[in-house]
Amino acid sequence: MENKKYNKATEAVWAGEDNPYFKEAVTTPIVNSVAFAYNDLDKWYDISVGKEDGFIYSRNTNPTVASLEEKIRVLEGAEAATAFATGMAAISNTLFTFLKPGKRVVSVKDTYGGTSKLFLDFFPDYQVDIKLCETGDHEEMEMEIAKGCDLVYLETPTNPTLKIVDIKRIALAAKKVGAIVVVDNTFATPINQNPLSLGADLVLHSATKYLCGHSDAMGGLLAGSKELVQKVFHFREINGASLQADPAYMIARGMKTLELRVSRQNESAMKIARYLKAHSKVSDVFYPGLETHIGHDIAKSQMRGFGGMLSFALDGGYDLVEKFLPSLKLVHLAASLGSVSTLAGPPRTTSHVELTEAQRAHLGIPESLIRYSVGIESVDDLLQDLEDGLKKI
Ligand SMILES: *Cc1c(COP(=O)(O)O)cnc(C)c1O
């Protein structure tokens, strides 16, 4: 499908689906074939060397996976895209493709837990210099980038306090020193934010979250220029972190309703954030859609919607969380996010369990903080559920 010709809701349904592979099927089938057979040896050779389009072996590409790749390519307005077994596979393949001994990365302190582990525990062994700046301190980032760097890695909004990074501003600083800009767009989704249009070179997703949307398949996706995506693809096809046809189908199926789900989640999260903000038992609410949120103005300028993720602190200690969370009826207390059902958990015992109380405080994470991933349920029911829970504390 041509880039930017249709609206997101149309792209989500049709991208990658306009050329069915099997008979007259109206949906792209799951092609569970490891290899693809050619009686014409010349054709086999031409496909192998890339002279002709086609499939050879599913670790490289596969028809179902290619259809999913086309979906994210169009939704992110990119030249090319490639898929991975998980979101972390997309992140580690991208970083290991471009980082070699002597290279320097500038990123933020609030990246996804797995990403920050790569930066802090793994890359130092490869003599890669990593500088993690305070998330949202744009002056510090610009100063660090200007010192010279090869890759700038961003995430916005971040987990769990939804801090916002100005992608356009940081990409501009990165261009001056020739650094590649990579953005993890998992929280925003391509419905709410397109980092490539703001100057990023590569955008990646944990497709496990909003893109799949049903908590039943894992995957990762990367989109950007042909040249950069091709480099990461080549590393991925060799190291083997490839996506299988079954989860690719599940994710593509989920993505057909992405715009519907995210629109609902944007709307519901805004209402819930406003409700919590006004509640006497809630001491703080973090949601980029609130005018009082520290990143609101930047979020407004780079996002079309503020997303379905929010967090809030109960007015008291962790003991309140222990009473409140299990009393909620319409929520899975689980580590993931971006699903049709509402998911929640305390960062203190989930995403940030390995940090000390002081380290969490340094990141601005109160002990009584609750991360809340709004599902597609009726917002009236979710509000009632929260109201009932808050009455119990
Ligand atoms: C979950 C998540 C990841 C990792 O994705 P997996 O599919 O679990 O490997 C990366 N970034 C963000 C922002 C996430 O929420």
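Structure shown above.
This is a predicted model, so every value here is computed, not measured.

Conventions and cut-offs
Residues numbered from 1 in each chain as written. Predicted model: local features only at pLDDT ≥ 70, side-chain atom pairs only at ≥ 80, totals over all residues. Heavy atoms only, no water. Near = heavy atom within 4 Å. Polar contact = N/O pair within 3.5 Å; in protein donor to acceptor, adjacent residues only side chain to side chain. Nonpolar A, V, L, I, M, F, W, Y, C, P; charged D, E, K, R; others polar. Buried < 20%, exposed > 50% of the residue type's maximum accessible area, 1.4 Å probe, protein only. Helix = DSSP H or I, 4+ residues; strand = E, 2+ residues; numbered from the N terminus. Pairing = 2+ DSSP bridges. Axes fitted to C-alpha atoms, helices over the stretch in contact; angles between N-to-C directions. Contact = heavy atoms within 4.5 Å. 1 Å grid on protein atoms, 1.4 Å probe; cavity = no way out; pocket = protein on both sides within 12 Å on 5 of 7 lines; lining within 4 Å. Points joined across faces, edges and corners; volume = space filled by probe spheres on them. Salt bridge = Lys/Arg side-chain N within 4 Å of Asp/Glu carboxyl O.

Caption draft 1: Structural context of the site of the ligand. Lining the immediate environment of the ligand, one finds 15 residues, of which G87, M88, D184, T208 and K209 sit closest. Taking M88, its main chain carries an N or O atom lying 2.8 Å from an oxygen atom of the ligand. Contact distances for the ligand include 2.9 Å between an oxygen atom and a side-chain N or O atom of S206. Classifying every residue of the shell around the ligand gives six nonpolar, six polar and three charged.

Caption draft 2: Spatial organisation of the pairing of strand β12 (residues 369-373). The buried fraction of β12 amounts to five of the five residues, a majority that puts the element mostly inside the structure. Both faces of β12 are covered, namely the face carrying L369, R371 and S373 and the face carrying I370 and Y372. Both strand β9 (residues 309-314) and β12 contribute to a ladder of five bridges, which runs antiparallel. From the neighbouring strand, A313 faces β12, where its bridge partner is L369. Across three bridges, the pairing between strand β11 (residues 343-345) and β12 is antiparallel. Considered in β12, the bridge of L343 is made with S373.

Caption draft 3: Here's a closer look at the sheet that holds strand β6 (residues 202-206). Strand order across the open sheet formed by seven strands is β1-β7-β6-β5-β4-β2-β3, with mixed pairing between neighbours. Each having just a single partner strand, β1 (80-84) and β3 (129-133) make up the two edges of the open sheet. Strand after strand, the sheet turns through a mean of 20 degrees between neighbouring axes, direction not considered. Relative to strand β7 (residues 220-224), β6 runs antiparallel, the two being bridged by five bridges. Of the residues in β7, the one forming a bridge with H205 is L221. Across the sheet, helix α4 (residues 87-98) is in contact with β1, β4 (151-155), β5 (180-184), β6 and β7; its angle to β6 comes to roughly 150 degrees.

Caption draft 4: Expanded view of the layout of surface pockets. Approximately 1100 Å³ is the volume attributed to the largest pocket. A per-class count over the lining of the largest pocket returns eleven nonpolar, ten polar and nine charged. Space inside the second largest pocket adds up to approximately 550 Å³. Taken together, 21 residues form the lining of the second largest pocket, with S116, L120, H352, L355 and L363 sitting closest to its centre.

Caption draft 5: Structural view of the pattern of salt bridges. The full count for this structure, using the stated rule, is 20 salt bridges. The partner of E17 in a salt bridge is K256, and the shortest N-O contact between them spans 3.9 Å. Linking E17 in the loop between α1 (8-14) and α2 (41-48) with K256 in the loop between α10 (245-255) and α11 (258-277), this pair joins segments that are 239 residues apart in sequence. With a relative accessible area of 8%, E17 lands in the buried category. According to the relative accessible area criterion, K256 is partly exposed, its value standing at 26%. The partner of R169 in a salt bridge is E142, with the nearest N and O atoms 2.8 Å apart. Of the two residues, R169 is situated in helix α7 (residues 167-176) and E142 in helix α6 (residues 138-146); the sequence distance between them amounts to 27 residues.

Without other data, these values stay purely geometric and don't point to any function.
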